[in-house]
Amino acid sequence: MNHDTHTPAAAGTPAAGGPAPAPAPAPDFRRSVVYQVYPRSFADSNGDGIGDLRGITEHLDHIAGLGVTDIWLSPVYASPNDDNGYDISDYRAIMPEFGTLEDFDELVAAARERGMRIIMDLVVNHTSDEHEWFRQSRSSRENPYRDYYIWRDPAGFRDDGTPIPPTNWVSCFSPSAWEWDEATGQFYLHFFSTKQPDLNWENPRVREEVYALMRFWLDRGVGGFRMDVINAISKGEEFVDDPRVSAGGRESSLYLVANGPRVHEFLQEMRREVLDHYDTITVGETPGTTVEDGLKYAGFARGELNMVFTFEHMMLDGNPEGYGKWWDGRVSLPALKQNLAHWQKGLEGRAWNSLYWNNHDQPRVVSRFGDDRPEYRVRSAAMLGTVLHMLCGTPYIYQGEEIGMTNVAFPELSDYDDIEQRNAYHQYVTDGGIFTHEQMMRYIAHRGRDNARTPMQWDASENAGFTSGTPWLRVNPNYPDINAAADRPDPHGVYQHYRRLIELRHRHEVIISGDFELLDPEDPHTFSYVRRLGEQTLLVTANVSDEDRALPFPVPEASGPFTLLNSNVDPAPEAPDQPLRPYEARIWLAG
Ligand code: TEU
Ligand code: CA
């Protein structure tokens, strides 16, 4: 059998402790593999219970050992932490809890020594209300910063004198997207919390400020940006009511301003003004974006972004009654595969995909699309890694995914921290009376953002080795069994499997550039596809169920016999048409 299967001898040595293997050179963004760190939850170096920059630097070998090329840091800028750093009060300062600019420079240098770049989170759809621009802006209507934000007169006043918001827009984190400002008698717009006022990108001075702060970080050696809700920056001039809200809907109105009239113009300007002058990787976070939009943002020849994060495959298991993501149902596998295939085919040869199962906003994939029961957790986590990483695009790995971390179900609402969850609880339970407390706790356990934010599980010591103090958010109680120290050296563990997947990507051009074809679009249990490049055929077959499954299609034609590159169940399969065992995933190459 082929030497790339999961035998420890061929797999090489585990990363921790030893020198990190240098990743393959990354001449362009299409060869990148990105690891996302949520700094607050990654590693606490000084015992205050909060992850920090030094904690990241101390654990770089864990990341580098996977063979990734880039690390995306969720925001590390100064912030009052209403939304854990996604509310920035100073774009040129590091959050004191995370460390100093010197710590940051050290991290950049230490990552570079290991062949990795640092990607910053660029949160410029909104700032914190504690940012100096907003303090100025709200101080008077005449202030030169007034027009940095989006202010509107009330639509009128109720009989009791309360002002009526300009539109009925619903915010992601509060009932109205408009907040009344008594002092100046106008509302300001905030699509996220009341402490996250939206910037006015129509104002050229705002755009210049953003470009200047981007240069500040690029000059410090960062390798690019992940751009937070970047497709919402152009809101248009005419604000009309949200028809879904008028009809009784409760989901946010963000979709109304997504992909607005000037967004492509702004991004092309950003490229000319900033990005073209540096060697960067860019990925836009773009909720409410279709393949057609993706072709515009990430089209090879359009001079905007390298790639975008689609949300479509993350919304397939939402509430069927229209209550957003709050639900506990399982996704339909055909719908999931078909959506991913739609993006693969839609962007093929013309634009570039990002590939992700997890980030700091999403529940843990092994619990969501896999099977986190003890006997299947590792196997199904590895299987999900395989089907994602062999697709065309740049894979993103979110901290803990590489060791198969699972969702958490805390007993009390007060055990959780996330502002989105807190708001949703009020919206659907306290105020709305739509869900019972028990229902909502179940939905939070399935879909809440804190599933991703419980501290990284490093080892079996107290608090999972994340902190010597009291963690800001409770550790998942399963850490004695699920942790990096246990998983990483295990040749059959999730970490080594991910490492092998990334190694394959660096080695085989067909994974970067091959065409894509889905083989089993309707099958409810398997997920299989081929990638083709010249004479080469890469065949990926996976069983997304806990029973044996025969391939629901004939083994595709290829220019030669198939050799096994990778599998996750022993003993290794001998031929592609052998039935797949529970949660088995195989990668074959011919030609
Ligand atoms: O998320 C943007 C966004 O659209 C969120 O509403 C997202 O859909 C939600 O968290 C999923 O449940 C980005 C960041 O990733 C998120 O962490 C921030 O809270 C948000 O922007 C505001 O900056
Ligand atoms: Ca700390």
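Throughout this document, residue positions are counted from 1 along each chain, in the order its sequence is written. Chains and ligands are labelled by the order in which they are written, letters from A for the one and numbers from 1 for the other. Per-residue local features of the predicted model are confined to residues with pLDDT of at least 70, and side-chain atom pairs are confined, for both listing and counting, to 80 or more; whole-chain, interface and lining totals are unaffected and use all residues. Only hydrogens and water are removed before side-chain values are computed, so all heavy atoms of the structure are retained for them.

Concerning the coordination of the calcium ion (ligand 2)
Then comes step 1: Around the calcium ion (ligand 2), the donor atoms from the protein are D44 (OD), N46 (OD1), D48 (OD), I50 (O) and D52 (OD), and they sit 2.3 to 2.4 Å away.
Then comes step 2: Each metal site is built from N, O and S donor atoms within 2.8 Å (3.2 Å for Na, K and Ca), and since water is not included, such sites may look incomplete. On the primary sequence, the residues serving as donors to the calcium ion (ligand 2) are separated as D-x1-N-x1-D-x1-I-x1-D.

Describing the domain arrangement of the protein chain
Frequently, the measure chosen for interface size is the accessible area removed from exposure when the parts meet.
Then comes step 1: With domains assigned, the protein chain is organised as domain 1 (29-125 + 207-487), domain 2 (132-189) and domain 3 (515-590).
Then comes step 2: Reported domain spans reflect what an automatic or database domain assignment gives. Placing a centre on the C-alpha atoms of domain 2 and another on those of domain 3 gives a separation of 56 Å.

A few points about the packing of helix α10 (residues 291-298) against helix α11 (residues 333-347)
Then comes step 1: Running from amino to carboxyl end, α10 crosses α11 at an angle of 45 degrees, the nearest separation of the two axes being 10 Å. In terms of their interaxial angle, α10 and α11 are classed as oblique. Once α10 is placed against α11, the crossing between them reads as right-handed. Contact residues: V291, G294 and L295 in α10; H342, W343, G346 and L347 in α11.
Then comes step 2: In the contact of α10 with α11, the residues fall into four nonpolar, three polar and no charged. Here, axes are lines fitted to C-alpha atoms. For helices the fit covers the stretch in contact, and angles between N-to-C directions go from 0 to 180 degrees. The numbering of helices and of strands both runs from the N terminus, where a helix is a DSSP run of H or I of at least 4 residues and a strand a run of E of at least 2. Roughly parallel covers angles under 35 degrees, roughly antiparallel covers those over 145, roughly perpendicular covers 65 to 115, and oblique covers all other angles. Should the near helix be turned counterclockwise from the far one by less than a right angle, the crossing is left-handed, whereas a clockwise turn marks it as right-handed. Contacts were defined at the residue level, with two residues in contact if any of their heavy atoms lie within 4.5 Å. All residues other than Ala, Val, Leu, Ile, Met, Phe, Trp, Tyr, Cys, Pro, Asp, Glu, Lys and Arg, Gly among them, are scored as polar; the first ten of these are nonpolar and the last four charged.

Structural notes on helix α14 (residues 419-430)
Then comes step 1: Only protein chains enter the accessibility calculation, which uses a 1.4 Å probe; a residue is then buried when its area is under 20% of its type maximum, exposed when over 50%, and partly exposed in between. In terms of burial, α14 is a largely internal element, nine of the 12 residues being buried.
Then comes step 2: The inward-facing, buried residues of α14 abut α15 (437-447) and α16 (450-453).
Then comes step 3: Backbone nitrogen of E420 and a side-chain oxygen of the N-cap are separated by 3.1 Å at the start of α14; the cap is D418. Under the rule applied, a polar contact is a pair of N or O atoms within 3.5 Å (in protein, one hydrogen donor and one hydrogen acceptor; residues adjacent in sequence only if both atoms are side-chain atoms).

Thoughts on the layout of surface pockets
Then comes step 1: We place a 1 Å grid over just the protein atoms. Points where a 1.4 Å probe fits but has no way out form a cavity, open points with protein on both sides within 12 Å along at least 5 of 7 lines form a pocket, and any residue with an atom within 4 Å of a point lines it. Grid points are joined across faces, edges and corners, and a volume is the space filled by probe spheres set on the points. Within this model, the largest pocket holds a volume of roughly 1100 Å³.
Then comes step 2: C172, S252, F311, M315 and E420 are, among the 45 residues lining the largest pocket, the residues nearest its centre.
Then comes step 3: Of all the secondary-structure elements, those providing two or more residues to the lining of the largest pocket are α8 (254-257) and α14.
Then comes step 4: Element by element, the count of residues in the lining of the largest pocket is highest for α14, at five residues.
Then comes step 5: Looking at the lining of the largest pocket residue by residue, the classes come out as 17 nonpolar, 13 polar and 15 charged.
Then comes step 6: When residues are assigned to domains, the lining of the largest pocket turns out to be shared by domain 1 (29-125 + 207-487) and domain 2 (132-189), each giving three or more.

Some thoughts on the sheet that holds strand β11 (residues 224-227)
Then comes step 1: Within the open sheet, the eight strands sit side by side as β13-β12-β11-β5-β2-β1-β15-β14. Their pairing is parallel. Since the sheet does not close on itself, it has two edges, and those belong to β13 (307-309) and β14 (354-355), each with one partner.
Then comes step 2: Two strands form a pair only when DSSP identifies at least two bridges running between them. Where β11 lies against strand β12 (residues 281-285), four bridges are found, and the strand directions are parallel. Each residue of the ladder has a partner; that of F225, found in β12, is T282.

Considerations on the UniProt feature "domain: Glycosyl hydrolase family 13 catalytic" (unreviewed entry) in the protein chain
Then comes step 1: Sequence positions flagged by UniProt for "domain: Glycosyl hydrolase family 13 catalytic" (unreviewed entry) are, in local numbering, residues 36-453.
Then comes step 2: For residues 36-453, helix accounts for 32% and strand for 12%, while the C-alpha atoms at its two ends are 12 Å apart. UniProt positions are given in the numbering used here, feature names are shortened, and annotations may be inferred rather than shown by experiment.

A look at the nonpolar core
Then comes step 1: Membership of the largest hydrophobic core comes to 144 residues, with the highest contact counts inside it found for L73, F104, M214 and F225.
Then comes step 2: No other element matches helix α6 (residues 204-219), which puts seven residues into this core.
Then comes step 3: Non-local contacts of F104, meaning those with residues more than four positions away in its chain, are made with L53, L73, V76, I94, I118, M120, W217 and V222.
Then comes step 4: Take the buried residues of types Ala, Val, Leu, Ile, Met, Phe, Trp, Tyr and Cys, join any two whose side-chain atoms come within 4.5 Å, and each joined set is a nonpolar core. Grouped together as the second largest cluster of nonpolar side chains are 16 residues, I150, W178, F191 and L254 included.

Side note on the site of ligand 1
Then comes step 1: When at least one non-hydrogen atom of a residue lies within 4 Å of a molecule or strand, that residue is treated as near it. In the vicinity of ligand 1 there are 20 residues, among which D83, D228, K325, D361 and R449 approach most closely.
Then comes step 2: Contact between ligand 1 and R226: an oxygen atom at 3.0 Å from a side-chain N or O atom of the residue.
Then comes step 3: Within the side chain of R449, a nitrogen or oxygen atom sits 2.7 Å from an oxygen atom of ligand 1.
Then comes step 4: To measure how exposed things are, a 1.4 Å probe is used in the Shrake-Rupley method; for residues, cover is taken only from the protein chains shown. With the chains in place, 94% of the 490 Å² that ligand 1 exposes on its own is no longer accessible.
Then comes step 5: In this description, a molecule resides in a pocket or cavity if more than half of its atoms sit within 2 Å of the grid points defining it. With respect to the detected pockets, ligand 1 is housed in the largest pocket.
Then comes step 6: In terms of residue class, the shell around ligand 1 is built from eight nonpolar, three polar and nine charged.

As for the pairing of strand β1 (residues 34-37)
Then comes step 1: Along β1, one buried face is formed by V34 and Q36 and the opposite face, lined by Y35 and V37, is buried too.
Then comes step 2: As paired elements, β1 and strand β15 (residues 394-398) share three bridges and run parallel to each other. Paired with V34 across the two strands is Y396, which belongs to β15.
Then comes step 3: Taken together, the four bridges between β1 and strand β2 (residues 70-73) define a ladder with parallel strand orientation. Across the sheet, residue V34 finds its bridge partner in β2, namely D70.

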